[in-house]
Amino acid sequence: TISAITALPAGVGGKVLQCVNNNYTTSATTNSQNTYVTSSTCDITITNASSKILLLANFNIDGAGNNGLYRINKVISGTTTTLYTSPSWFWRNNGSDLIDQMPFINFLHTHGSSVGTTITYQTQVTWNQGANTISLNNSATSHETLMEIL
């Protein structure tokens, strides 16, 4: 039963305490190099101060002639903190033809927050090489899933 799974004794495997997801349909565009735009966002309220959050996300990018970077932010009570910025491009299109891409990322975060704290996780993208525009969520929906795990 579900209660038996969540009631495993300490040291016996991991536990998923909760899972939330969001389908993000808001379109965004940037033609300004190194200006980040939000590709997906999802909220989770912490139920165990010792837990970690596993973020799984994929997002739709339309771009031509540029290289993209992404970053992951957390937002707590209106304060945004960048948790990770990709060190180099995670997608690349040197051609002039517009292509759609659906990159997938995963990230494990030790949040250090108390029970009841709501954290918003954002994925954002920008471009750092080339001279064209990237657009998000124009031809497909981005998805973000958060799992609170022990």
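Provided above is the structure to which this section pertains.
Residues numbered from 1 in each chain as written. Predicted model: local features only at pLDDT ≥ 70, side-chain atom pairs only at ≥ 80, totals over all residues. Heavy atoms only, no water.

Thoughts on the sheet that holds strand β4 (residues 52-58)
And then number 1: On the basis of which strands lie adjacent, the open sheet formed by four strands has the order β1-β13-β4-β10 and antiparallel pairing. Each edge of the open sheet carries a strand with a single partner, namely β1 (16-24) and β10 (104-109). Averaged over all pairs of adjacent strands, the angle between their axes in this sheet comes to 15°, without regard to strand direction.
And then number 2: Here eight bridges tie β1 to strand β13 (residues 142-149), and the two strands are oriented antiparallel to one another. Bridge pairing links glutamine 18 to glutamate 148 in β13. (Pairing = 2+ DSSP bridges. Helix = DSSP H or I, 4+ residues; strand = E, 2+ residues; numbered from the N terminus. Axes fitted to C-alpha atoms, helices over the stretch in contact; angles between N-to-C directions.)

Considerations on the nonpolar core
A general trend in soluble globular proteins is that nonpolar side chains are found buried together.
And then number 1: Membership of the largest hydrophobic core comes to 21 residues, with the highest contact counts inside it found for Leu55, Ile105, Tyr121, Val125 and Leu146.
And then number 2: Elements with a contribution of two residues or more to this core: β3 (37-45), β4, β6 (66-76), β10, β11 (118-130) and β12 (134-136).
And then number 3: Discounting residues that sit within four places of it in the chain, isoleucine 105 has contacts with Leu55, Leu56, Ala57, Phe59, Tyr70, Ile72 and Thr123. (Core = buried A, V, L, I, M, F, W, Y, C linked by side-chain atoms within 4.5 Å. Buried < 20%, exposed > 50% of the residue type's maximum accessible area, 1.4 Å probe, protein only. Contact = heavy atoms within 4.5 Å.)

Some details on the packing of aromatic side chains
And then number 1: Applying the stated rule across the entire model yields two aromatic pairs.
And then number 2: Ring centres of tyrosine 70 and tyrosine 84 lie 5.8 Å apart, and the angle between their planes is 45°; on these two criteria the pair is classed as tilted. Here the residue tyrosine 70 occupies a position in strand β6, and tyrosine 84 occupies one in strand β7 (residues 79-85), the gap between them amounting to 14 residues.
And then number 3: What makes tyrosine 84 partly exposed here is its relative accessible area of 30%.
And then number 4: Taken together, a centroid distance of 6.0 Å and an interplanar angle of 40° make the contact between tyrosine 84 and phenylalanine 107 tilted. One end of the pair, tyrosine 84, is in strand β7; the other, phenylalanine 107, is in strand β10, and 23 residues separate them in sequence.
And then number 5: Grouping aromatic residues by their ring pairs yields a cluster made of Tyr70, Tyr84 and Phe107. (Phe/Tyr/Trp six-rings, centres within 6.5 Å; stacked < 30°, edge-to-face > 60°.)

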